[in-house]
Amino acid sequence: MANEFLFSVKKQFEYYKFLGEACFNQLEENQLFWQYNVDSNAIATIVNHLSGNMKSRWTDFLTSDGEKEWRNRDAEFESILKNKEDLIQQWNEGWDCLFTAIDSINETNFDTKVFIRNQEHSIIDAIHRQLAHYSYHIGQIVFLSKMIKGNDWVSLSIPKGKSSEFNSKKFSKGKHKGHFTDELKK
């Protein structure tokens, strides 16, 4: 079960990484830094926070608390990133840390208890906690991107009015194995 869970959750994380990157690819550099108002986060700020969280949670995942002493969470919400190159670098550093940690988990260490702010978590609970947190913020990135692009937005899911067409295509394949994200890489 451990291997099946890890495979599934890694696919889910890859999916959310894909969604974020699909948004970045639709936006001009200045749009990544747009804020609705001074109390709102720009996409770049959300990316900076996600990266900081990922680095803290996933560095030495099995052996140290997920809230590292070196993390400065408050600074993650300041305008630190200055261009798209910085944004992509921060984004990739966070995800690389996450995937390295996921790849280090196996059947022999799957029952290890991990801590976040001194609170014990099973590996499953810690992973689900982060998966929910990241999907929340990536949903914000998608929503902001869609607002910014307006009528020029290219849907990242089933476009409006295309559900029947999408379902017909899916059901025409018959029952089969695979992950719902497998087609995203095509």
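Coordinates for the structure precede this section.
(A) Fine view of the overall build of the protein. Along the backbone of the protein there are five helices and two strands. Written out in order from the N terminus, the α and β elements of the protein read α-α-α-β-β-α-α. For the protein, the spread of C-alpha atoms along the three principal axes comes to 50 × 50 × 25 Å. The buried share among the 186 residues of the protein stands at 40%. Summed over its atoms, the accessible surface of the protein is roughly 11,300 Å², and 50% of this surface lies on carbon and sulfur atoms. The protein carries 24 positive and 26 negative side-chain charges, and their two centres are separated by 8 Å.

(B) Seen up close, the layout of surface pockets. In this structure, the largest pocket occupies an estimated 680 Å³ of space. Lining the largest pocket are 22 residues, and of these Phe166, Lys170, Phe180, Glu183 and Leu184 sit closest to its centre. Among the secondary structure elements, those contributing two or more residues to the lining of the largest pocket are helix 1 (2–26) and helix 5 (163–172). Element by element, the count of residues in the lining of the largest pocket is highest for helix 5, at four residues. In terms of residue class, the lining of the largest pocket is built from nine nonpolar, five polar and eight charged. Around the second largest pocket sit Leu19, Val142, Phe143, Lys146, Gly150, Trp153, Ser155, Leu156, Ser157, Ile158, Pro159 and Lys160, which together line it. It is helix 4 (residues 123–149) that provides the largest number of residues to the lining of the second largest pocket, a total of three residues. Among the residues making up the lining of the second largest pocket, the classes are represented as seven nonpolar, three polar and two charged.

(C) Representation of empty space enclosed by the protein in the model. Using the criterion set out here, one finds one cavity of 30 Å³ or more in the structure. Those elements that place two or more of their residues in the lining of the largest cavity are helix 2 (43–58), strand 1 (114–116) and helix 4. Sorting elements by how many residues they give to the lining of the largest cavity places strand 1 first, with three residues. Looking at the lining of the largest cavity residue by residue, the class counts come to six nonpolar, two polar and one charged.

About the cut-offs
- Residues numbered from 1 in each chain as written.
- Predicted model: local features only at pLDDT ≥ 70, side-chain atom pairs only at ≥ 80, totals over all residues.
- Heavy atoms only, no water.
- Helix = DSSP H or I, 4+ residues; strand = E, 2+ residues; numbered from the N terminus.
- Buried < 20%, exposed > 50% of the residue type's maximum accessible area, 1.4 Å probe, protein only.
- Areas by Shrake-Rupley, 256 points an atom, 1.4 Å probe, with all protein chains shown as cover.
- Lys, Arg positive; Asp, Glu negative; His and termini not counted.
- Charge placed at Lys NZ, Arg CZ, Asp CG, Glu CD.
- 1 Å grid on protein atoms, 1.4 Å probe; cavity = no way out; pocket = protein on both sides within 12 Å on 5 of 7 lines; lining within 4 Å.
- Points joined across faces, edges and corners; volume = space filled by probe spheres on them.
- Nonpolar A, V, L, I, M, F, W, Y, C, P; charged D, E, K, R; others polar.

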